[in-house]
Amino acid sequence: MARLPRMIIPGQPQHVIVRGNNRSEIFCCDADYRFYLEKLQAACKKHDCQIHAYVLMTNHVHLLMTPFSETSLGKTLQMLGRYYVQYFNYCYRRTGTLWEGRYKATLIDSESYLLTCMRYIELNPVRAGMVTDPVDYPWSSYRFNAQGQADSLVTPHFELQRLGNDDSKRQSAYRALFNQTLSETQINEIRDATNKAWALGDGWFKERIQLQLARRVEPTARGGDRKSAQFKINRV
């Protein structure tokens, strides 16, 4: 089946996943994580992207980012990937690919899903059993978003800023969100949308995006498109 075209709308956030080839490690020591973050910041600056949340796991990366042109996202990840592969192959005396094919991404409905997606990203180390509290994992944006620790890579999204009228109140409100457990439904919605390149949002958001991009943004119902004239004819 042909790949669906990327969903890119300048100014609309995306959840992005980049995986190591065959789920192999892409970070082996602290220097690797630091180099990746340094080059991610440089690539975002050059190609006009903002990072709102991130987590670097041992064999994959989650990013919540907003591109501001139609080419920003692709060029940012291409530049980052090229720098990091050269670095990693040199350090570990290896050759060949490091990444598992193309990056995965989903367009995010900011009002309905952005904060949920941030929690999903920053709770990855907890779900993986690496830590019991996201604050204990050093390679994520949680300490910035929840505690105000300096992190020049991260730009607070408008939806985060709406949580309070100063940094202290916003951080307190954000921490409170983590008292609510993400449901399996929420987790699966985010995973499915990202891995299958569907839009992540409510019905109105999906309808608007589908009209704007002229492509499907969610799977058709089983048995065909139940809204289509042909389906209704076949039901008679």
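Residues numbered from 1 in each chain as written. Predicted model: local features only at pLDDT ≥ 70, side-chain atom pairs only at ≥ 80, totals over all residues. Heavy atoms only, no water.

Draft legend 1. Region of the structure containing the confidence of the model for the chain. Scored by pLDDT, the chain comes out at a mean of 92, with 92% of its residues at no less than 70. Per-residue pLDDT stays below 50 along residues 228–236; that stretch engages in 5 contacts with residues further than four places along the chain or on separate chains. (pLDDT = per-residue confidence, 0-100. Contact = heavy atoms within 4.5 Å.)

Draft legend 2. Geometry of the side chain of Thr76. Along the chain, Thr76 falls in helix α2 (residues 72–91). By relative accessible area, Thr76 is classed as buried at 0%. Here the side chain of Thr76 touches Ser72 through a polar contact of 2.7 Å, landing on its backbone oxygen. Non-local contacts of Thr76, meaning those with residues more than four positions away in its chain, are made with Ala43, Cys44, His47, Cys49 and Met65. (Helix = DSSP H or I, 4+ residues; strand = E, 2+ residues; numbered from the N terminus. Buried < 20%, exposed > 50% of the residue type's maximum accessible area, 1.4 Å probe, protein only. Polar contact = N/O pair within 3.5 Å; in protein donor to acceptor, adjacent residues only side chain to side chain.)

Draft legend 3. Structural context of the environment of Cys28. Examined against the element boundaries, Cys28 turns out to sit in the loop between β1 (14–19) and α1 (30–47). Once you skip the residues sitting within four places of it in the chain, Cys28 turns out to touch Phe88 and Tyr92.

Draft legend 4. Seen up close, the sheet that holds β1. One open sheet accounts for 4 strands, arranged β2-β3-β1-β4; its pairing is antiparallel. The open sheet terminates on both sides in strands that have one partner only, identified here as β2 (49–56) and β4 (104–107). Across the sheet, the mean angle separating the axes of adjacent strands is 20 degrees when strand polarity is ignored. The pairing of β1 with strand β3 (residues 60–67) spans 6 bridges and is antiparallel. (Pairing = 2+ DSSP bridges. Axes fitted to C-alpha atoms, helices over the stretch in contact; angles between N-to-C directions.)

Draft legend 5. Just the packing of aromatic side chains, in detail. Considering all chains together, one arrives at 14 aromatic pairs under this definition. Where Phe27 meets Tyr33, the ring centres are 4.5 Å apart and the plane angle is 15 degrees; that geometry is what we call stacked. Across this residue pair, the class does not change: Phe27 and Tyr33 are buried. Where Phe27 meets Tyr84, the ring centres are 5.6 Å apart and the plane angle is 55 degrees; that geometry is what we call tilted. Within this pair, whereas Phe27 is found in the loop between β1 and α1, its partner Tyr84 is found in helix α2, the two being separated by 57 residues in sequence. The exposure classification of Phe27 matches that of Tyr84, with both residues buried. Among the aromatic residues, those joined into a cluster by ring pairs are Phe27, Tyr33, Phe35, Tyr36, Tyr84, Tyr87, Phe88, Tyr92, Trp99 and Trp139. (Phe/Tyr/Trp six-rings, centres within 6.5 Å; stacked < 30°, edge-to-face > 60°.)

Draft legend 6. Broad picture of the pairing of β3. Within β3, 8 of the 8 residues are buried, leaving the element largely enclosed by the surrounding structure. Burial along β3 is two-sided: the residues His60, His62, Leu64 and Thr66 and Val61, Leu63, Met65 and Pro67 are all buried. Sheet analysis places β2 next to β3, joined by 7 bridges and oriented antiparallel. Note that in β3 the partner of Tyr54 across the bridge is Leu63. From the end of β2 to the start of β3, which pair antiparallel, there are 3 residues.

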